[in-house]
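A structural walkthrough
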Number of protein chains: 4
Amino acid sequence: MTTPTTIDDVTAWWATGISDIEPGVIRLRGYPVEQLIGAVSFVDMAWLLLRGDLPTREESALLEHALVAAVDHGPQAPSIAAARMAATCGVGLNTALATGVGLLGDVHGGAGQQCLAILDDLAGADDLPAAVADVLADHRARRAHVPGFGHRFHPVDPRRDPLVASVDAAVDAGTVAGRHLGAALELERQLAEGRSRPVPMNIDGATAIVYGELGFDPELSRGLFCLSRSVGILAHAWEERSSGGRIKGPIPRPLLAAYTGPAERFVCDPRA
Amino acid sequence: MTTPTTIDDVTAWWATGISDIEPGVIRLRGYPVEQLIGAVSFVDMAWLLLRGDLPTREESALLEHALVAAVDHGPQAPSIAAARMAATCGVGLNTALATGVGLLGDVHGGAGQQCLAILDDLAGADDLPAAVADVLADHRARRAHVPGFGHRFHPVDPRRDPLVASVDAAVDAGTVAGRHLGAALELERQLAEGRSRPVPMNIDGATAIVYGELGFDPELSRGLFCLSRSVGILAHAWEERSSGGRIKGPIPRPLLAAYTGPAERFVCDPRA
Amino acid sequence: MTTPTTIDDVTAWWATGISDIEPGVIRLRGYPVEQLIGAVSFVDMAWLLLRGDLPTREESALLEHALVAAVDHGPQAPSIAAARMAATCGVGLNTALATGVGLLGDVHGGAGQQCLAILDDLAGADDLPAAVADVLADHRARRAHVPGFGHRFHPVDPRRDPLVASVDAAVDAGTVAGRHLGAALELERQLAEGRSRPVPMNIDGATAIVYGELGFDPELSRGLFCLSRSVGILAHAWEERSSGGRIKGPIPRPLLAAYTGPAERFVCDPRA
Amino acid sequence: MTTPTTIDDVTAWWATGISDIEPGVIRLRGYPVEQLIGAVSFVDMAWLLLRGDLPTREESALLEHALVAAVDHGPQAPSIAAARMAATCGVGLNTALATGVGLLGDVHGGAGQQCLAILDDLAGADDLPAAVADVLADHRARRAHVPGFGHRFHPVDPRRDPLVASVDAAVDAGTVAGRHLGAALELERQLAEGRSRPVPMNIDGATAIVYGELGFDPELSRGLFCLSRSVGILAHAWEERSSGGRIKGPIPRPLLAAYTGPAERFVCDPRA
């Protein structure tokens, strides 16, 4: 027995608290758009739409540091490489951007989200050193990397220090509480114990601190990373597009020796 | 006869002028990333990566106005609707964002790019009124809308006036030349002639002025629109995701009467 | 210390056991492509590429039944709706298809994969009824649906019976072992116990039996579902594309009453 | 003045002639799905959904040859490479498939569509040799390749001969008219005139003949190519997924020498 759908059901189905559109009127979270243009920054606007209210100047600045930091890490990231290849295939920049962003999944784009989930837990711990020790023991037992720490290429990620310093200053100014920062630093400290080389925070860990201090949900922090990295994806796609290449795959010419499957055989071969 | 690929070919194939990565070092367009964090805004960073150099404060502000203006137009845009539906299907926010951005094609996302191509032509015209008249005559002959003008819902797009005012102020300040603005205003003036209702610039036209005055390529202006609208897509996807709905299609319940094809028939029906 | 990349590294990086391409020669899993064209069916070819060898005629027929069964379930599925909307946005059918397939995530497209993971476990059970009882107890404890069983719209999914009959015949013919079928039927039997309405297998459950009996990995079974559903996505996108609609969102006209957020407020409002 | 949307408007908005779904009933183009399972092939089903009626056995066989022929051309195609990279990023096979299919744009996936548009024109020509000469003169004047002819890697595409032979046999059997075949052969003949090396049909040209003879629209033929290539994309994504690699970009290790942009500079550098 299926109840018929009414127009009120459909209206409710598509209801939103974000945008209120009437003829000649666009309000975003209640603010008329013409008041926002010129008055708020792009990062303020992102915060407004995602959180429901405008940030303070200090909150917005801290978020901006994280968004600036993560824009790009070069064409060897699969997200960037795929977007560059897309740009040579006769699709618009929108498709190149979608191609790159689409690859920021649990492995390539999810370390920050996973790190923030851990930091959110630790931020509420009564005994932080003990709680951190538990987290590390758990990861060691599972032979898992701690998301947000260590980098396969950078001994020290150059984005760590300025982001930690930004959060530190925001704690001093009373903008944020500092519990995520404290948790991440304790993780970093304990991770280094007994090792010849430390395992410092990477970009995912450092931005997770920012997002956590500012109260973003771990899942939404992935969305913010995607927004940040969109800038790099777009720049690389445009560089490729401007160069005029066509149907560029990963290698200039075919690699004749790269086949590892069965030798030639025939459909009716009785030996097959 | 195929020349073998060498590692130098591969290196050249993936060369970029955007990011320079060494162990412990990330330079973007030559600037060490740790210097950029905290010193430049997110919009500055987008300009740097897309254009190669940092913008002036005034250029950055003007670009920011355009990016702020276009973030969202509600859940009935197919890009937003598709992203909201994606968010209920067990995919990450990256896929929801990619789904929405991917729909910003020539029709849904291309009007600004098409408008800017026209404005770029008109900006160099010696006799602007005559050049505009030619453009309009050409569109009328093809029964085509002039991209960037008119809106099927808003009599006047509320984002027009603040963006025009921003460009106007930037012309007065000597930041931009004003030729794209002049071309767009002349197009708007001539489009209104002999009509009871004017056909004012919409968001695509108003942002095309900004992008054109700032020297962005029309194709890249689509990329900037995608970056701007990414904020709205992300906000709507997150709103849907937070609501906990699952596999939400366009309508709450099946529409039993919506089938318009052939009546029931059978595979072995001799009459079929 | 980073070892330099050599061309042999790159070659190995892109090595594949699927396709062997030389000038004038294309071999797929060892078979020259010109021998396959006309000799094998499209489903045979999919099996060959995915599994490495050609299927028997009986295996191919059984796979074909599953692929035929899952092609479409109408425009209210978000994957189909999103693809239809994409088709009106000035993107190619490739983007419409990608849009739809991209939505077949863990929730919308993953029930078959999850069901097959369960069936794979049960297929090796010594005491099937006890193992099934354990699975059901575990799901009840987590208040989770058993993936592959029950349908929010169909009391009995009309695709269940013909697929179960196909597998049954294949068991009789010795093509497959029947352990996945047995596990699914026992799940269905125990799920119905003590209920007024049974919770019969749906399309995800019925196809999971087929894929499991034929030895496909659960994760790959999602890929096969995507291939099947691609046919429906393509047909719906094409129907929409042929109709000439432009920028079609979920509703014909704006729903003015659908806003649920804050009332109008102003950027400088001291009360805000 | 905006007319309110009614539920009938919404129903009409989502109307379809493809699938007719009621509780317990799924009819595709009028046929109950339980009758189709086991009775029709996967290719028959694709034809039914795309065209509205079941094909004859001969039509289905010819379509199957084209779909079989185009499944794969190795991991250096950007569509395949991007899908393989996606598979290492923690996304589902659905996203890997969507990533690859999304790249089949006008340049990478559109040659068949463009070729078929030409063949459709030529198929109706009274004087075929003259019409073909006009087409070639037009392409030479624009210095454009004729889509569907020539290959940058294969001197002769091994898929050409079996597909031409299949169409030839279908002409002899009266299944198709042969006008697209005639047009393509005349194009090939005239393209070879005065050259030391012929410019034979490639896979796009040979499949365009099949799709044209069977009455598919050029735009839809791109959709069929996407369906065919989906098999190869899926196989390559699965091969990569099974190998367990993570975040695989185009090159095993960073290419330190691949940067071509400005030398190091500093944000406050007065020389910058």
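The structure displayed is predicted, hence computed values, not measured ones.

Let us now look at the overall build of chain A. Looking only at helices and strands, one finds 12 helices and three strands in chain A. Taken over the C-alpha trace, chain A has a radius of gyration of 24 Å; the compact-globule value for 272 residues is 19 Å, which it surpasses by more than 25%. Seen through its principal axes, chain A has C-alpha atoms that stretch 75 × 65 × 55 Å. A burial count over chain A gives 62% of its 272 residues as buried. If you take every contact in chain A between residues at least 6 apart in sequence, the share linking residues at least 24 apart comes to 71%. As displayed, chain A offers around 10100 Å² of accessible surface, 50% of which is attributable to carbon and sulfur atoms.

What follows is about the pattern of salt bridges. All names here are of chain D. Scanning the entire structure with this criterion turns up 64 salt bridges over all chains. Of the charged contacts in the structure, one is a salt bridge between Arg 159 and Asp 157, with a shortest N-O distance of 2.8 Å. Both residues of the pair, Arg 159 and Asp 157, count as buried. Where Glu 240 meets Lys 248, a salt bridge forms, and the shortest distance between an N and an O atom there is 2.8 Å. The pair Glu 240 / Lys 248 is uniform in exposure class, with both members buried.

Before going further, it helps to examine the packing of helix H9 (residues 160–172) of chain A against helix H10 (residues 179–192) of chain A. A packed helix pair is summarised by two numbers, namely the angle formed by the two axes and the spacing between the axes. All names here are of chain A. Between H9 and H10, the least distance of the axes is 11 Å, while the angle of their chain directions is 140°. The orientation of H9 relative to H10 falls into the category oblique. Residue-level contacts link Arg 160, Val 164, Val 167, Asp 168 and Val 171 of H9 to Leu 181, Leu 185 and Glu 188 of H10. Among the residues making up the contact of H9 with H10, the classes are represented as five nonpolar, no polar and three charged.

Residues and elements named next belong to chain A. Assigned domains of chain A: these are domain 1 (17–55) and domain 2 (56–248). Facing the nine residues of domain 1 at the interface are 13 residues of domain 2. Here domain 1 packs against domain 2, burying approximately 870 Å² in sum over the two surfaces, 72% of which is carbon and sulfur. Looking only at domain 1, the three residues that lose the most surface to domain 2 are Val 43, Trp 47 and Arg 51, adding up to 56% of its buried area. In this structure, the connection of domain 1 to domain 2 is made through zero salt bridges.

Our next topic: the packing of aromatic side chains. Overall, the coordinates contain 10 aromatic pairs over all chains when judged by the stated rule. Ring plane angle 80° and centroid distance 6.3 Å describe the contact between Tyr 211 of chain B and Phe 216 of chain B, whose orientation is recorded as edge-to-face. Residue Tyr 211 of chain B is classed as buried on the basis of its relative accessible area, which comes to 3%. Phe 216 of chain B gets classed as buried once you look at its relative accessible area, which sits at 2%. Ring plane angle 5° and centroid distance 6.2 Å describe the contact between Phe 42 of chain C and Phe 42 of chain D, whose orientation is recorded as stacked. Of the two residues, Phe 42 of chain C sits in helix H3 (residues 42–51) while Phe 42 of chain D sits in helix H3 (residues 42–51), which places them in two different chains.

Before going further, it helps to spend a moment on unusual backbone geometry. Of note in the backbone geometry, Arg 29 of chain A takes a positive phi value of approximately 50° without being a glycine. Turning to its location among the elements, Arg 29 of chain A is positioned in the loop between strand E2 (25–28) and strand E3 (31–32). Classification of Arg 29 of chain A as buried rests on a relative accessible area of 13%. A positive phi is found at Ile 247 of chain B, a non-glycine position, where the angle reads about 50°. With respect to the element layout, Ile 247 of chain B can be found in the segment after helix H12 (218–243).

What follows concerns the interface of chain A and chain B. Counting from both sides, the interface comprises 88 residues of chain A and, opposite them, 89 residues of chain B. Among the residues chain A hides against chain B, the three largest losses belong to Trp 13, Trp 14 and Phe 42 of chain A. Together they make up 11% of the total. Applying the counting rule to chain A against chain B returns four salt bridges. Ionic pairing is found between Asp 9 of chain B and Arg 253 of chain A, a salt bridge with its closest N-O pair at 2.8 Å. With 17 residues, helix H12 (residues 218–243) of chain A is the largest single contributor of residues to the side of chain A that touches chain B. Among the residues making up the side of chain A that touches chain B, the classes are represented as 51 nonpolar, 22 polar and 15 charged.

A few words now on the relation of the copies chain A and chain D. Between chain A and chain D, which share one sequence, the superposing operator has a rotation angle of 180° and an axial displacement of 0.0 Å; the RMSD is 0.0 Å. Taken together, the turn and the small shift mark the pair as related by a two-fold rotation axis. Both copies contact each other with a shared surface, as 100% of the interface residues of chain A are interface residues in chain D too.

Of the residues lining the interface, 37 residues belong to chain A; the matching set on chain D comes to 37 residues. Taking both partners together, chain A and chain D bury about 2800 Å²; carbon and sulfur atoms supply 69% of that area. For chain A, the biggest contributors to the area lost against chain D are Gln 76, Val 107 and Ile 247 of chain A; these three give 23% of the whole. The interface formed by chain A and chain D contains zero salt bridges. The interface formed by chain A and chain D includes 12 residue pairs in polar contact (both at pLDDT 80 or more). Secondary-structure elements contributing two or more residues to the side of chain A that touches chain D are helix H1 (7–13), helix H5 (78–87) and helix H6 (93–102) of chain A.

What counts, and at which threshold
- Residues numbered from 1 in each chain as written.
- Chains lettered and ligands numbered in written order.
- Predicted model: local features only at pLDDT ≥ 70, side-chain atom pairs only at ≥ 80, totals over all residues.
- Heavy atoms only, no water.
- Helix = DSSP H or I, 4+ residues; strand = E, 2+ residues; numbered from the N terminus.
- Rg over C-alpha atoms; globule rule 2.2 N^0.38 Å.
- Buried < 20%, exposed > 50% of the residue type's maximum accessible area, 1.4 Å probe, protein only.
- Contact = heavy atoms within 4.5 Å.
- Areas by Shrake-Rupley, 256 points an atom, 1.4 Å probe, with all protein chains shown as cover.
- Salt bridge = Lys/Arg side-chain N within 4 Å of Asp/Glu carboxyl O.
- Axes fitted to C-alpha atoms, helices over the stretch in contact; angles between N-to-C directions.
- Parallel < 35°, antiparallel > 145°, perpendicular 65-115°, else oblique.
- Nonpolar A, V, L, I, M, F, W, Y, C, P; charged D, E, K, R; others polar.
- Domains from an automatic or database assignment.
- Buried area = accessible area lost by both parts, 1.4 Å probe.
- Phe/Tyr/Trp six-rings, centres within 6.5 Å; stacked < 30°, edge-to-face > 60°.
- Least-squares fit on C-alpha atoms with pLDDT ≥ 70 in both.
- Polar contact = N/O pair within 3.5 Å; in protein donor to acceptor, adjacent residues only side chain to side chain.

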